[in-house]
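These are the residues of each chain, in order.
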Amino acid sequence: MTKLPRRVQRAYQGQERRPLSGYAVVLGTYTALVGLVTAAGRMSGKQLPERIGLGDTVLVSVATHKASRLLTKEAVTSPLRAPFTRFQGPSGEAEINESVRGSGARHALGELLTCPFCVGVWIASAMTAGLVLAPRATRLIATALTVVALSDTLQISYDLAKQVLREHSEHS
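Model, not experiment: these values are computed from the prediction.

Please provide a residue-by-residue account of the overall build of the protein, values included.
The helix and strand tally for the protein stands at 7 helices and 2 strands. Listed by position from the N terminus, the elements making up the protein come as α-α-α-α-β-β-α-α-α. A compact globule built from 172 residues would reach a C-alpha radius of gyration of about 16 Å, whereas the protein, at 20 Å, exceeds it by more than 25%. Referenced to the eigenvectors of the C-alpha coordinate spread, the extents of the protein come out at roughly 70 × 50 × 25 Å. Considering the protein as a whole, with its 172 residues, one finds that 27% of them fall into the buried category. Sequence separation of 24 or more characterises 53% of the internal contacts of the protein that already satisfy a separation of 6 or more.

What follows is the structure, encoded as structure tokens:
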């Protein structure tokens, strides 16, 4: 690292150790992937839609939410995060809490893989590109993820209703 980037990083992070160069690698990877998808779209001759309908927007929104939670919080996907994280314990319904480990790009990737808000940008970008390049397959995947998200909501609501009824009967 040259002197100017080191000075910028020290001035930015203060007492905290922030992996700015790692973030740059993650950001560069995202930018390169968006560029590749854009180039593939142009080479395929696909035209951008005039607009994305409300139904697709809602479908992709719910699917993005579910996919981001699945990737960043579910125990079943922990092998994907394990090289970058350390298990901390359970965290809510069918989710786990992990802390990020490592430094540089490894740490930055760990932060990305444990943050549903951060990963959501990547997933939304992929889903939106999918609506242009492969709309039928994207809608199929988005529908499955949306159904799982709604099922999860019903499961949690059912458990909450049972808990409320149990507490009510104990106080009666």
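Describe the nonpolar core, listing the residues and the values that go with them.
What tends to happen in soluble globular proteins is that the nonpolar side chains get buried as a cluster. One finds Ala-63, Ile-123, Met-127, Ala-142 and Leu-145 to be the most contacted residues of the largest nonpolar core, which totals 13 residues. Elements with a minimum of two residues in this core: α3 (54-73), α5 (104-113), α6 (116-133) and α7 (135-171). If we skip the residues at most four places from it in the chain, Met-127 touches Val-60, Ala-63, Thr-64, Thr-138, Ile-141, Ala-142 and Leu-145.

Describe in detail the side chain of Thr-114, supporting the description with residues and values.
Within the element layout of this structure, Thr-114 appears in the loop between α5 and α6. A distance of 2.9 Å separates a polar atom in the side chain of Thr-114 from the backbone oxygen of Gly-110. Polar side-chain contacts of Thr-114 include one of 3.3 Å to the backbone oxygen of Glu-111. In this structure Thr-114 touches Thr-72, Lys-73, Arg-81, Thr-85, Glu-98 and Val-100, once residues within four positions along its chain are discounted.

Explain the packing of helix α2 (residues 20-44) against α6 residue by residue, including any values.
Relative orientation of the contacting elements α2 and α6 amounts to 5 degrees, with a least axis distance of 11 Å. By the angle between their directions, the pair α2 and α6 is classed as roughly parallel. For the pair α2 and α6, the contacting residues are Val-26, Thr-29, Tyr-30, Leu-33, Val-37, Gly-41 and Ser-44 in the first and Val-121, Trp-122, Ser-125, Ala-129 and Leu-133 in the second. Grouping the constituent residues of the contact of α2 with α6 by class yields 8 nonpolar, 4 polar and no charged.

Definitions and limits used
Counting of residues starts from 1 at the beginning of each chain's written sequence and follows it residue by residue. Residues qualify for local features only when their pLDDT is at least 70, as the model is predicted, and side-chain atom pairs are given and counted only at 80 or more; totals for whole chains, interfaces and linings, by contrast, use all residues. Working from all heavy atoms in the structure, the side-chain values ignore hydrogens and water. Numbering of helices and strands runs from the N terminus; a helix is a DSSP stretch of H or I covering at least four residues, while a strand is a stretch of E covering at least two. Every radius of gyration here is taken over C-alpha atoms, with the globule rule written as 2.2 Å times N^0.38, N being the number of residues. For each residue, the accessible area found with a 1.4 Å probe, counting protein chains only, is set against the maximum for its type, and the residue is called buried under 20%, exposed over 50%, and partly exposed in between. Contacts between residues were defined by any pair of non-hydrogen atoms, one from each residue, lying within 4.5 Å. Side-chain atoms within 4.5 Å are what join buried Ala, Val, Leu, Ile, Met, Phe, Trp, Tyr and Cys residues into a set we call a nonpolar core. Whenever two N or O atoms come within 3.5 Å, that pair is a polar contact, provided that in protein one can donate a hydrogen and the other can accept it, and provided that, for residues adjacent in sequence, both atoms are side-chain atoms. The axes are straight lines fitted to the C-alpha atoms, using for helices just the contacting stretch, and the angles between their N-to-C directions are given from 0 to 180°. Small angles under 35 degrees read as roughly parallel and large ones over 145 as roughly antiparallel, with 65 to 115 read as roughly perpendicular and the rest as oblique. Following the grouping adopted for this structure description, the nonpolar residues are Ala, Val, Leu, Ile, Met, Phe, Trp, Tyr, Cys and Pro, the charged ones are Asp, Glu, Lys and Arg, and the polar ones are all others, Gly among them.

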